[in-house]
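Examining the three-dimensional arrangement
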Amino acid sequence: MSEFAPICISLVISLLVSLIPLGVPFPFASNSWTYPEKLSAYECGFDPFGDARSRFDIRFYLVSILFIIPDPEVTFSFPWAVPPNKIDPFGSWSMMAFLLILTIGSLYEWKRGASDRE
């Protein structure tokens, strides 16, 4: 059991670090139960009209995916920060293959018109 002590201590510390900031504001918060306007559906002065769950066009999702793609690209590009004399040929060619796949994907998106606006 003693070999798991550091893991248990780090779990307790992480729980405290994450839960204490969640509980600190409650003693200092004002009581929202005393304000009936705060308990209404909307504070802007009118009742909602229409359905809140309207359908979105698929282009919104395509644009969001186009913005998510650079995140792994940046992550996989970190090995380029290593000095060139420290990378073996396999590392260099694997990074070239990654850039080739990335270029082919970008050309495919461009040809399909994924970023075109109507």
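Each chain carries its own residue numbering, running from 1 in the direction its sequence is written. Under the rules for a predicted model, residues below a pLDDT of 70 receive no local features and side-chain atom pairs below 80 are neither given nor counted, while totals for whole chains, interfaces and linings still include all residues. Working from all heavy atoms in the structure, the side-chain values ignore hydrogens and water.

A look at the layout of surface pockets
Under the convention used in this document: Think of a 1 Å grid over the protein atoms and nothing else: a 1.4 Å probe that fits but is trapped marks a cavity, an open set flanked by protein within 12 Å on at least five of seven lines marks a pocket, and residues with an atom within 4 Å of a point count as lining. Grid points are joined across faces, edges and corners, and a volume is the space filled by probe spheres set on the points. Comment: elements are numbered from the N terminus, with helices defined as DSSP H or I runs of at least four residues and strands as E runs of at least two. Classification used: nonpolar for Ala, Val, Leu, Ile, Met, Phe, Trp, Tyr, Cys and Pro, charged for Asp, Glu, Lys and Arg, polar for all others including Gly.
The volume enclosed by the second largest pocket comes to roughly 170 Å³. Residue assignment for the lining of the second largest pocket shows that the elements contributing at least two residues are α5 (70–76) and α6 (89–112). No other element matches α6, which puts 6 residues into the lining of the second largest pocket. Its residues assigned to classes, the lining of the second largest pocket shows 6 nonpolar, 2 polar and 2 charged.

Observations regarding α6
Our working definition: One less than the number of residues in a helix, times 1.5 Å, gives the span that helix is expected to have.
Between the first and last C-alpha of α6 there are 34 Å, a value that for 24 residues agrees with the 34 Å anticipated at 1.5 Å per step. Looking one or two residues beyond α6, the residue adopting positive phi is glycine 113, at roughly 75°.

A word on the UniProt feature "transmembrane region" (unreviewed entry) in the protein chain
Just so we agree on the cut-off: UniProt positions are given in the numbering used here, feature names are shortened, and annotations may be inferred rather than shown by experiment.
Mapped onto this numbering, the UniProt entry annotates "transmembrane region" (unreviewed entry) at residues 7–28 and 90–108. Along residues 7–28 one finds 95% helix and 0% strand; the C-alpha atoms at either end are 34 Å apart. Within residues 90–108, the helical portion is 100% and the strand portion 0%, while the C-alpha atoms at the span's ends are 27 Å from each other.

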